[in-house]
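Coordinate inspection notes
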Amino acid sequence: GESVGLHLPTLSVQEGDNSIINCAYSNSASDYFIWYKQESGKGPQFIIDIRSNMDKRQGQRVTVLLNKTVKHLSLQIAATQPGDSAVYFCAENIYEAGDYKLSFGAGTTVTVRA
Amino acid sequence: DAGITQSPRHKVTETGTPVTLRCHQTENHRYMYWYRQDPGHGLRLIHYSYGVKDTDKGEVSDGYSVSRSKTEDFLLTLESATSSQTSVYFCAISEHGASSGNTIYFGEGSWLTVV
């Protein structure tokens, strides 16, 4: 089963506003997390990652926050643009049945309103 | 772009026919993966390879086989396609395995329809 999930399947954001996409995970032993962006008809594109020894990591217009206490991950997009419209996935690196594997959430569809 | 080419990008095939999808990488990464993506299921791992001729099953491997004769190429074969294998297939690569922190880069996808 999936141990990674997103709180909301869709998110509508006004252009220029900040977006926050949430992700909950259930495996407290997970040590690595990745956010992907997938535009229609394309493959998932790596955005940013974070290891469990960090609480926050920033990239270009994006910030990932990790709250290990409540097993929650979020992706913040600053000054959302039309090109940010896509499906966003979080992925969790978990240790299961003697091996590591990457488990993907179902995704949140972000729509940017002009 | 991560230097991953998938072919064909789109294919329609009949039930019971064999189908092979090809993934070619130019990054010289050791690990290669095949995922399928279906509505409501997210990305699910079919098979992966950790080196030439070294492959292992993922969570949805039934009905699929893979081969890796060269570092740069990873083939996914549906021996006898079924309608349940209609999906979008993504090849992915990573330099390191999952135990090292696993940044996986994806190709553009192959849309397969089995009629």
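Definitions and limits used
Per-chain numbering applies: the sequence of each chain, read as written, is numbered from 1 onward. As a convention, the first chain written is A and the first ligand written is 1, with the rest following in written order. Side-chain atom pairs in this predicted model are given and counted only at pLDDT of 80 or more, local residue features only at pLDDT of at least 70, and totals for whole chains, interfaces and linings cover all residues. Where side-chain values are given, they derive from all heavy atoms of the structure, hydrogens and water being excluded. Any pair of Phe, Tyr and Trp rings, taking the six-membered ring for Trp, is counted once the centres come within 6.5 Å. Such a pair is stacked with planes under 30 degrees apart, edge-to-face with planes over 60 apart, and tilted for the rest. A run of H or I in DSSP counts as a helix once it spans at least four residues, and a run of E counts as a strand once it spans at least two, with each numbered from the N terminus. For every residue, the accessible area obtained with a 1.4 Å probe (protein chains only) is divided by the maximum for its type, and the residue is called buried under 20%, exposed over 50%, and partly exposed between those limits. In what follows, residue pairs with any heavy atoms lying within 4.5 Å of each other are defined as contacts. Note on terms: buried area is the combined drop in 1.4 Å-probe accessible area of two parts once they are placed together, counting the loss on both. For salt bridges, the criterion is a side-chain nitrogen of Lys or Arg within 4 Å of an Asp or Glu carboxyl oxygen. Polar contacts here mean pairs of N or O atoms no more than 3.5 Å apart (in protein, one a potential hydrogen donor and the other a potential acceptor; neighbouring residues in sequence count only if both atoms are side-chain atoms). Amino acid classes used here: Ala, Val, Leu, Ile, Met, Phe, Trp, Tyr, Cys and Pro are nonpolar; Asp, Glu, Lys and Arg are charged; the rest, including Gly, are polar. Note on pairing: DSSP must find at least two bridges between two strands before they are called paired. Think of each axis as a best-fit line through the C-alpha atoms, taken over the contacting stretch in the case of a helix, with angles from 0 to 180 degrees between the N-to-C directions.

1. Let's talk about the packing of aromatic side chains
Tallying each qualifying case throughout the model produces 14 aromatic pairs over all chains. Taken together, a centroid distance of 5.9 Å and an interplanar angle of 70° make the contact between F104(A) and F106(B) edge-to-face. Here F104(A) is found in strand β10 (residues 99–104), whereas its partner F106(B) is found in strand β10 (residues 105–106) on a different chain. Summarising the burial analysis for this pair, F104(A) and F106(B) share the class buried. Note on Y48(B) and Y50(B): the rings are 6.3 Å apart at their centroids and 50° apart in plane angle, and the pair reads as tilted. Y48(B) sits in the buried class, given a relative accessible area of 15%. Taken together, the ring pairs in this structure connect Y36(A), F46(A), F104(A), Y33(B), Y35(B), Y48(B), Y50(B), F90(B), Y105(B), F106(B) and W111(B) into an aromatic cluster.

2. Remarks on unusual backbone geometry
Here the amide bond leading from S7(B) into P8(B) is cis, since omega sits at -5°, within 30 degrees of zero. With phi around 65°, R61(A) is a residue other than glycine that occupies positive phi space. Within the element layout of this structure, R61(A) appears in the loop between β6 (56–58) and β7 (62–67). Positive phi is not limited to glycine here, since N28(B) has a value of about 60°. By the secondary structure assignment, N28(B) is in the loop between β3 (19–25) and β4 (31–38). Accessibility expressed as a relative area gives 62% for N28(B), which makes it exposed.

3. A closer look at the interface of chain A and chain B
Of the residues lining the interface, 21 residues belong to chain A; the matching set on chain B comes to 20 residues. With both sides pooled, the region where chain A packs onto chain B buries about 1500 Å², and carbon together with sulfur makes up 55% of that total. Joining chain A to chain B, the criterion identifies zero salt bridges. Summed over the shared surface of chain A and chain B, the result is four residue pairs in polar contact (both at pLDDT 80 or more). Contributions of two or more residues to the side of chain A that touches chain B are made by β4 (32–38), β5 (45–51), β9 (86–96) and β10 of chain A. Looking at the side of chain A that touches chain B, the element that brings in the most residues is β10(A), giving five residues. Class assignment for the residues of the side of chain A that touches chain B results in ten nonpolar, five polar and six charged.

4. A look at the sheet that holds strand β8 (residues 73–78) of chain B
Residue and element names in this part refer to chain B. Strand order in this open sheet of four strands is β1-β3-β8-β7, and the pairing throughout is antiparallel. Each edge of the open sheet is held by one strand with a lone partner, namely β1 (4–7) and β7 (64–70). Each adjacent strand pair in this sheet contributes to an overall mean axis angle of 20°, direction not counted. Examined bridge by bridge, β1 and β3 share four bridges and lie antiparallel to one another. Opposite Q6, over in β3, you have C23 as the bridge partner.

5. As for the environment of V60(B)
Residue and element names in this part refer to chain B. Looking at the element boundaries, V60 is found in the loop between β6 (54–57) and β7. Separated by 44 residues in sequence, V60 and G16 have C-alpha atoms that sit 19 Å apart. Filtering out sequence-adjacent residues up to four positions away, V60 remains in contact with R36, R44, L45 and I46.

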